[in-house]
Amino acid sequence: MTAVNDGIYPIKNTQSIKAVDIEKLLKVNVQTGLQESNINERITKYGLNRYAEQKQKNILLILFEQFKSPIILLLVLAAGFSFFFEDWIEGFAIIGVIFITAVLGFFMELQARNSIKALKKMDVSVSKVWRDSAVKEIPSERIVPGDIVVLEAGDMVPADAKLIVVNQFESDESALTGESLPVEKNIEIIESDVSLADKINLIFKGTSVVKGNARAIVTGTGLNTELGKITQLVETEKQDNTPLEKKLQGLTKILMAVTAAFAAIFIITGLLQGKQVYLIVETALALAVAAIPEGLPVVSIIALTYGMLRLARKHVLIKRLASVETLGGINIIFTDKTGTLTENKIDVNRIVFFDEDIPINKSGEASSSAITKNKAAFDKLLLIATLCNNAVSKVEENKKKHLGDPIEIALLQFVQSRKINAADINRSYPRIAEEPFNSETKLMATLHKKDTGNFVAVKGAVEELINKCSLYCADEKVIPLTEVDKKIFLYKAEVIQAQGSKVLAFAFKEAANIAAGNFSCNLTLAGLIGFLDPPRMEVADALQSCRDAGIKVIMITGDHPATALNIAEKIKLSEKDNIVINGKELDAELPQEKLFAATIFARVTPKQKLDMVSLYQKQGNIVAMTGDGINDAPALKKADIGIAMGIRGTQVAKETAAMILKDDSFTSIVAAIMQGRIIFKNIKNFLMYLLSCNLSEIFIVFFYGLLNVPFSVLPLQILFLNLVTDIFPALALGLGKGNKLIMKIPPRNPQEPIIIKRDWFTINVYAILLALPIMLATWYCSYYLKYDAQLCNNITFFSLAISQLWHVLNLSSRNISFFNNEITRNKFIWAALLLCIAIMAVFYFINPLNKYVGFQILSIGTWLIIAFTSIAPVFFIQLFKRGFKIID
């Protein structure tokens, strides 16, 4: 949808226009925001808030590109030779094969494209806006000019906008201006036209909020934003192939070179034996076609996208195809505690004063006698919890919904459980200024106006906030806070944290006139509040799966060491004693052995997270890192797989990460790793199946040619084999669900080739055991039973075709039952086998199709020979695999 220019929109030089004038131009009241009932009208007028979608490849172009592949060019060459030597039937048959091959490739690529499109639809960005006098969370693409956007640290700016309220607001505009440092914003009018980087009263789509919070009027959306203008100037770049596709393409080139050598030997030998040039060349081309498993890149994408869709149903959104390959190689997971290893259902469970420790139940009730004893301090706690809080509650469809930080939501719910109207309190204490929470200060402070002067409300980490306090509440008194008293409060906090609760301190200050600068000092400590976030007990099984799979899990959190250790022990993070390292210890030179032995890093800073990721990567590890905040973005980007939290994660974290957990659960990470391993195993199975089948064809054609027997497989029959018995079972292998043993083996090295030396040995053994029984059986029928050449040809063809269909059963793990495994449970396998048998039956029974491919009606005795010959390779391969354990 394209925006309409009505002479007002887009607004020019917004930095020089007063906010009140922009309100008039865009017909919005900043006190109430836009009305939801008018949004569709504005979307029709201005368009959706998105860039022009990348122009997709035309469907006809996709079809045309199928004819440019090496396999098609070889078939065209073969058809040309057939027509040259006036073999019209074979020539037209090969033309038919060309079109069938192209159409199959076309539909596979189209399916892959549709799957990727479906995945993109799942990744919906949301933003907060002020509409109908309430904060609402909406899809970012439905933001319109005139909307009031509500922003805080960690958000991505969803549109170009004019700032109207700011609290220590800074944004990272490096993606737009190249400025490396965050830009401090304000609402002052800039009279002159200045450069983009100097428009400090404006914010721009695609930039990120690194500090503070703000509200702004949207002045430009979609293509009518600064970033949107740039996207129109930049030509669409061709998407790079994934590392997996590059490996497959490299493998194809190697196979082409090897096949060329085989074909050259065959041609020279055929000429020396005096064979017809036409038959020699046709068979050599057929050999080349047989050897090249064309379509591997497309099938790999189908396997990847199908796996990604399967993961999406398990609450895991993979943003890049290449990440799926990396998943299978992860051997280190750095995981946050809150919400990932815990349930993220935070409740106030304890209130602590100097001389009282009061348990709170889930309904928010406490001992009435305790509240009476510390009434003044308790009232101050409730007031601070209400004022120093950005969470909001609203009713949607008769259900109360909360938006905001989980801790602040818990505080808001606790206040509401005391029958206190938070909105009334906020109106009585209008906010003047705010010092937003950040990972350095570990504090949040707000300044409010009251009848007799000002009121400051502060909450934060106990060890940080207590050092800013000079007084504390005890009973109904305010007493000087001594160093001994501080130690008592710190001890009380550590006791609660050791029980698995998070603890925050709450303080205040009252005075006639408090400046809006640094107001979070000389405070009075009101008390401590403990928050319980129970551990996810199902995580214990997932952690055991990681240990079985050779993956080390390390908790890395900003929480207190005692809290982290308590949760770690409950979920059995380690089979041995957990080693905890405090963030302060990381600033010192710790021995490498201690660092790599640790299972918990507590009170760490964002920079320390980044350093730990780098340290483990330097040791050759493949590292996954979870994160939810804006400060986690560098570590998420540095990790081999960055994992953002879908529920509590900031937009910046989600944009940076390669993977998003929709349910924030650690078990979903393990499910993703397992799926990554399964996808890679499926592709490897598919590849080993194709290569062993094609190599068996090469062995038969090559040795029949060398021995100059009269019953060699015809070129058209080889094409038929590749088209029927290869493609469908191989594709079905790529869609398998795997088995649980996949998480019992160590991670693979992503730098290794897909097919390692051990695999090449297995492929050759497979091919020999497929080809040898067929060659021996056909030789016996020819020289002892005196069957004619065409009958021997049919025995070779059908034995080879059916043995290749049975061969798919050989791809199961040797550590699982042959009759009940990931192959036999794969419904796509059985569908593919039935389809192949049906196609062969059509060509066998229907005239003149059977004549085109050289088939004749066979006797029951001949079919018994074929049945025995085709099943024999399965027996011998299983003997070598499960009995002798020579091959995998």
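Since this is a predicted model, take the numbers as computed values, not measurements.

Parameters at a glance
- Residues numbered from 1 in each chain as written.
- Predicted model: local features only at pLDDT ≥ 70, side-chain atom pairs only at ≥ 80, totals over all residues.
- Heavy atoms only, no water.
- Helix = DSSP H or I, 4+ residues; strand = E, 2+ residues; numbered from the N terminus.
- Contact = heavy atoms within 4.5 Å.
- Areas by Shrake-Rupley, 256 points an atom, 1.4 Å probe, with all protein chains shown as cover.
- Axes fitted to C-alpha atoms, helices over the stretch in contact; angles between N-to-C directions.
- Left-handed = near helix turned anticlockwise from the far one by under 90°.
- Nonpolar A, V, L, I, M, F, W, Y, C, P; charged D, E, K, R; others polar.
- Phe/Tyr/Trp six-rings, centres within 6.5 Å; stacked < 30°, edge-to-face > 60°.
- Buried < 20%, exposed > 50% of the residue type's maximum accessible area, 1.4 Å probe, protein only.
- Lys NZ or Arg CZ within 6 Å of the ring centre and 35° of its normal.
- Core = buried A, V, L, I, M, F, W, Y, C linked by side-chain atoms within 4.5 Å.
- 1 Å grid on protein atoms, 1.4 Å probe; cavity = no way out; pocket = protein on both sides within 12 Å on 5 of 7 lines; lining within 4 Å.
- Points joined across faces, edges and corners; volume = space filled by probe spheres on them.
- Patch = residues over 30% accessible without salt bridge, like charges linked within 9 Å, V, L, I, M, F, W, Y side chains within 5 Å.
- Salt bridge = Lys/Arg side-chain N within 4 Å of Asp/Glu carboxyl O.

Chemist: How would you explain the overall build of the protein if you had to name every residue and give the values?
Modeler: What the protein contains, in helices and strands, is 31 helices and 26 strands. Once the C-alpha set of the protein is aligned to its principal axes, its extents read approximately 115 × 70 × 50 Å. Across the protein, every contact between residues at least 6 apart in sequence was considered, and the portion connecting residues at least 24 apart equals 71%. As displayed, the protein has an accessible area near 39,600 Å², and 59% of this comes from carbon and sulfur atoms.

Chemist: Explain the packing of helix α27 (residues 757-783) against helix α31 (residues 860-883) to me, and be specific about the residues and the numbers.
Modeler: What describes two packed helices is the angle between their axes and the distance between those same axes. Put simply, α27 and α31 touch, their axes get as near as 9 Å, and they point 145° apart. Seen from above, α27 lies across α31 with right-handed handedness. Contacts between α27 and α31 involve Y766, L769, L770, P773, I774, A777 and C781 from the first element and I865, T869, A872, P873, F876, I877, F880 and K881 from the second. The residue inventory of the contact of α27 with α31, partitioned by class, reads 13 nonpolar, one polar and one charged.

Chemist: A description of the packing of aromatic side chains should follow, citing residues and the corresponding values.
Modeler: Think of a pair of aromatic rings as described by two things: how far the centres are apart, and how the planes are tilted against each other in angle. Evaluation of the coordinates by the stated rule reveals 28 aromatic pairs. Ring geometry for Y429 against F455: centres 5.8 Å apart, planes inclined by 70°, an arrangement best described as edge-to-face. Highlighted residues: Y429 in the loop between α15 (422-428) and β14 (431-435) and F455 in strand β16 (residues 453-461), separated in sequence by 26 residues. On the basis of relative accessibility, which here comes to 19%, the residue Y429 falls in the buried class. Judged by centre distance (6.0 Å) and plane angle (10°), the rings of F455 and F508 are stacked. Taken together, the positions of F455 in strand β16 and F508 in strand β19 (residues 501-511) put the pair 53 residues apart, joining distant regions of the chain. Owing to a relative accessible area of 0%, F455 belongs among the buried residues under this scheme. Linked through ring pairs, F720, F797, F798, F843, Y844, F845, F855 and W863 together constitute an aromatic cluster. Above the face of the W130 ring, R215 is positioned so that its terminal group lies 4.5 Å from the ring centre. A cation over an aromatic ring shows up here: R748 above the ring of F680, its NZ or CZ 3.6 Å from the ring centre.

Chemist: Provide a residue-level description of unusual backbone geometry, including the pertinent values.
Modeler: Among all residues save glycine, negative phi is the norm, and among peptide bonds the norm is trans. The omega torsion of the bond from N847 to P848 falls at 15°, within 30 degrees of zero and hence cis. Within the fold, P848 resides in the loop between α29 (827-845) and α30 (849-852). The backbone phi angle of D132 is positive, close to 50°, even though this residue is not glycine. Inspection of the secondary structure assignment puts D132 in the loop between β1 (126-131) and β2 (134-139). You can call D132 partly exposed: its relative accessible area is 35%.

Chemist: So, the nonpolar core: which residues are in play, and what are the values?
Modeler: In globular proteins that are soluble, nonpolar side chains generally tend to be buried together. Among the nonpolar cores identified, the biggest contains 78 residues, and I94, I700 and L733 are the most heavily contacted of them. In terms of residue count, the dominant contributor to this core is helix α25 (residues 666-707) (15 residues). Not counting residues within four places of it along the chain, the set of residues in contact with I700 comprises V713, A771, I774, M775, T796 and L800.

Chemist: Give a detailed account of empty space enclosed by the protein, specifying residues and quantitative values.
Modeler: Going through the model one piece at a time under the given rule, you end up with two cavities of 30 Å³ or more. If you add up the space inside the largest cavity, you get close to 40 Å³. As for the largest cavity, its lining consists of N682, N685, L733, G736, K737, G738, E822, I823 and N826. Split by residue class, the lining of the largest cavity holds two nonpolar, five polar and two charged.

Chemist: Give me a nonpolar patch on the surface: which residues, what numbers.
Modeler: Taken together, the side chains of F761, F875, F876, L879, F884 and I886 define a hydrophobic patch exposed on the protein surface, amounting to about 550 Å² of accessible area. Broken down by element, the residue count for the nonpolar patch peaks at three residues, all from α31. Mapping F761 onto the fold places it in helix α27.

Chemist: Just give me the short version of the pattern of salt bridges, but keep the residues and values in it.
Modeler: Applying the stated criterion across every chain, the model contains 25 salt bridges. Where E510 meets K380, a salt bridge forms, and the shortest distance between an N and an O atom there is 4.0 Å. Placement of the pair is E510 in strand β19 and K380 in helix α13 (residues 375-387), with a sequence separation of 130 residues. For E510, a relative accessible area of 39% translates into the label partly exposed. According to the relative accessible area criterion, K380 is partly exposed, its value standing at 21%. Among the ionic pairs, D611 bridges to K607, the shortest N-O distance being 3.0 Å. Here the residue D611 and the residue K607 both occupy positions in helix α22 (residues 606-618), the gap between them amounting to four residues, near one helical turn.

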